Amino acid sequence: MRLVVQNDKSRARLRTVALRCGVAALASVALASGCAAPGADSGAHAPARAPGHGGAQALDPQARRAAEHARLVAAARHWRLDRVPLAPPAPPARKPQITPRDGFEVDGQEEENLPPVFTTVPTNQKVLFLTIDDGHEKDPDFLRMMSDLKIPYTAFLSNYLVEDDYGYFRRMQAEGHTLNNHTLTHPYLPGLSYEEQKNEICGMQTIMKKQFGKAPTVFRPPYGNYNGDTLRAAKACGIKYAPIWDEEVFVDHWEYRDWDRSLHPGDIVLTHFRGRDDWDGTMVDDMRRFLNKVTREGYAVARLEDYL
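Residues numbered from 1 in each chain as written. Predicted model: local features only at pLDDT ≥ 70, side-chain atom pairs only at ≥ 80, totals over all residues. Heavy atoms only, no water.

This brings us to the nonpolar core. In this structure, Phe-142, Leu-149, Leu-157, Phe-169, Met-172, Phe-273 and Phe-290 are the most contacted members of the largest nonpolar core, which totals 41 residues. Of all elements in the fold, only helix H2 (61–78), strand E2 (127–134), helix H3 (140–149), strand E3 (154–157), helix H5 (166–174), helix H6 (194–212), strand E7 (254–256) and helix H8 (283–296) reach the threshold of two or more residues within this core. Counting residues per element, this core draws most heavily on H8, at six residues. Setting aside its immediate chain neighbours within four residues, Met-172 contacts Phe-142, Leu-143, Tyr-153, Ala-155, His-177, Leu-179 and Phe-273. Counting residues in each nonpolar core, the second largest holds 30 residues, with Phe-104, Leu-189, Tyr-241 and Ile-244 among its members. (Core = buried A, V, L, I, M, F, W, Y, C linked by side-chain atoms within 4.5 Å. Buried < 20%, exposed > 50% of the residue type's maximum accessible area, 1.4 Å probe, protein only. Helix = DSSP H or I, 4+ residues; strand = E, 2+ residues; numbered from the N terminus. Contact = heavy atoms within 4.5 Å.)

This next bit is on the packing of aromatic side chains. If you walk through the whole model with that rule in mind, you get ten aromatic pairs. Judged by centre distance (5.2 Å) and plane angle (55°), the ring pair of Phe-142 and Tyr-153 falls under tilted. A residue pair is termed long-range when its members are at least 10 positions apart, and Phe-142 in helix H3 and Tyr-153 in the loop between H3 and E3 qualify at eleven residues. The same class applies to Phe-142 and to Tyr-153, which are both buried. Judged by centre distance (6.4 Å) and plane angle (70°), the rings of Phe-250 and Trp-279 are edge-to-face. One end of the pair, Phe-250, is in the loop between strand E6 (247–249) and E7; the other, Trp-279, is in the loop between strand E8 (268–272) and H8, and 29 residues separate them in sequence. The structure contains a cluster of three or more aromatic residues connected by ring pairs, namely Phe-142, Tyr-153, Tyr-168, Phe-169 and Phe-273. Positioned above the aromatic ring of Phe-156, the side-chain terminus of Arg-220 is 4.4 Å from the ring centre. When the ring centre of Trp-245 is taken as reference, the NZ or CZ atom of Arg-257 above it lies at 5.4 Å. (Phe/Tyr/Trp six-rings, centres within 6.5 Å; stacked < 30°, edge-to-face > 60°. Lys NZ or Arg CZ within 6 Å of the ring centre and 35° of its normal.)

What follows concerns the pattern of salt bridges. The final tally for this structure, using the stated rule, is 13 salt bridges. Between Arg-232 and Glu-112 there is a salt bridge whose closest N-O contact spans 2.9 Å. Here Glu-112 lies in the loop between H2 and strand E1 (117–118) and Arg-232 lies in helix H7 (residues 228–236), a separation of 120 residues in the sequence. Glu-112 sits in the partly exposed class, given a relative accessible area of 31%. A salt bridge links Arg-288 to Asp-285; the nearest nitrogen and oxygen atoms lie 2.9 Å apart. A residue pair is termed a helical-turn pair when its members lie 3 or 4 positions apart in one helix, as Arg-288 and Asp-285 do in helix H8 at three residues. Residue Arg-288 is classed as buried on the basis of its relative accessible area, which comes to 12%. Linked through salt bridges whose partners overlap, the residues forming this network are Glu-68, Arg-71 and Lys-150. (Salt bridge = Lys/Arg side-chain N within 4 Å of Asp/Glu carboxyl O.)

Here E2 lies mainly inside the structure; eight of its eight residues are buried. Where E2 lies against strand E9 (residues 300–302), three bridges are found, and the strand directions are parallel. Pairing of Val-127 across the sheet is with Ala-300, part of E9. With H3 bridging E2 and its parallel neighbour E3, the resulting β-α-β unit is right-handed. (Pairing = 2+ DSSP bridges. Right-handed = clockwise from strand over helix to strand, strands pointing away.)

Interpretation note: all reported values are geometric properties and have no functional meaning in isolation.
Structure (structure tokens):
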């Protein structure tokens, strides 16, 4: 009788081992096939495997380009774009000379070598520059969309709106996007004294160096308003450029600075970190409007700092 019991226990142990091995084998197959059960964030794209991963033969350049194009087609479809955004040309080997836009100079502009205020970068290429102001809305779908589509942009940050989540903007920076200065509290700068303006700009420089690793050389005055003291204070804080914008895109319309109400090569486009609390839509909706228009008109989105 004792022998029978021992055999029964042995068989039970064998069944347990077999069951565990079977589960492990199924898990291995699921991982190898990319069919593991989705998590809470299953709507996000799984990262593409690098060519040659797992010992597979590396793709040749033509095959890599084809694979990347197929990936972009899928991404454009996922984000409901009309078509794949155009790829920008290589950055210029020789950067253009940036000067103030006519009528946007201040007294002492040239003599004091003050940062130029401009709305368009001199170029004959059909490129635009996307800039996004303040940092109020922190939409993770926006980060995923721009990463999937490989669209560069420049963020101009105000500390009182970003200090609750510096990590969101560090993720943005890690994707290769540039973070620039938009003051501490987003005031109307011409209404402040020189020292007050300098505190707003230099104070933000200090925070950006601490939080993001370096103080930028590009600054945008809030509302696009400035005076001579603004540019003198900006220069004292290490600023070299003060771009504003030629067009502004909202979730439901565009606004234009120039009378012809059209895009031009090198134009700087403004939008804001906003969501449904302020707009009838999300940042993804806003970017869809932006990308559909610029792509339809034959423009690519380039990185502003590559031209400065």
